[in-house]
Amino acid sequence: EQSSFINSFNDLQLVNPTKKKFQDTVLNEYYYGLLRIYSNALEKENSILFVIGFSFSDEHIHKLTMQVANSNPTLTIYIFSHTTSLSILYESMVSDAKNKNIKIIKPEEGELTIKSITDSLLVKLTPKDSFEVEQGEEHE
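Quick look at the structure, then. (Residues numbered from 1 in each chain as written. Predicted model: local features only at pLDDT ≥ 70, side-chain atom pairs only at ≥ 80, totals over all residues. Heavy atoms only, no water.)

Brief notes about unusual backbone geometry
Part 1 of the reasoning: Positioned with a positive phi, Phe56 is a non-glycine residue whose angle comes to about 65 degrees.
Part 2 of the reasoning: Here Phe56 shows up in the loop between strand 1 (48–52) and helix 4 (59–71).
Part 3 of the reasoning: Here Phe56 falls in the buried class, since its relative accessible area comes to 2%. (Helix = DSSP H or I, 4+ residues; strand = E, 2+ residues; numbered from the N terminus. Buried < 20%, exposed > 50% of the residue type's maximum accessible area, 1.4 Å probe, protein only.)

Observations regarding the packing of helix 3 (residues 29–43) against helix 4
Part 1 of the reasoning: At a minimum axis distance of 10 Å, the contact between helix 3 and helix 4 shows a crossing angle of 25 degrees. In terms of orientation, helix 3 lies roughly parallel with respect to helix 4. For the pair helix 3 and helix 4, the crossing hand works out as right-handed. Contact residues: Leu35, Tyr38, Ser39, Leu42 and Glu43 in helix 3; His60, Ile61, Leu64, Thr65 and Val68 in helix 4. (Axes fitted to C-alpha atoms, helices over the stretch in contact; angles between N-to-C directions. Parallel < 35°, antiparallel > 145°, perpendicular 65-115°, else oblique. Left-handed = near helix turned anticlockwise from the far one by under 90°. Contact = heavy atoms within 4.5 Å.)

Brief notes about the sheet that holds strand 2 (residues 76–80)
Part 1 of the reasoning: Pairing in this open sheet of 3 strands is parallel, and the strands run 1-2-3 from one edge to the other. Unpaired on one side and paired on the other, strand 1 and strand 3 (102–105) mark the two borders of the sheet. In this sheet, adjacent strand axes meet at a mean angle of 20 degrees when their direction is disregarded.
Part 2 of the reasoning: Here strand 1 pairs with strand 2 via 5 bridges, running parallel. Residue pairing for strand 2: Leu49 is matched across the bridge by Ile77. (Pairing = 2+ DSSP bridges.)

Observations regarding the nonpolar core
Part 1 of the reasoning: Among the nonpolar cores identified, the biggest contains 14 residues, and Val51, Phe56, Leu75, Ile77, Ile79, Met93 and Ile102 are the most heavily contacted of them.
Part 2 of the reasoning: Secondary-structure elements contributing two or more residues to this core are strand 1, helix 4, strand 2 and helix 5 (88–96).
Part 3 of the reasoning: Counting residues per element, this core draws most heavily on helix 4, which supplies 3 residues. (Core = buried A, V, L, I, M, F, W, Y, C linked by side-chain atoms within 4.5 Å.)

Structural data, given as structure tokens:
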């Protein structure tokens, strides 16, 4: 039964937190394809990336993101920090971005939650009028 579990587990597309993580993701054709899709999406003109709950501690994803941020001046990356004190990694990303296109959104106090993001912070990213719809007006 243990060998059955191990065989089933090995068939799953999981990235385990081991020293081989980089090798498993970059050299594995499936994960390489996902990273190319990610990179291609960020390379498009006027792309926006919202980052919630990701620390950028995965070196290969961090490096890829920074390469695209530095090569695509029309890309904007919004990183939602869950606390008011920023991680050293987030701060270094902002300072290392040649195009100054990485923005950190942090809570005014306490912790950032999905509710606080949707209730207040996303409103700050666009002009208020762009989301207002006259009452009674129907849209398809």
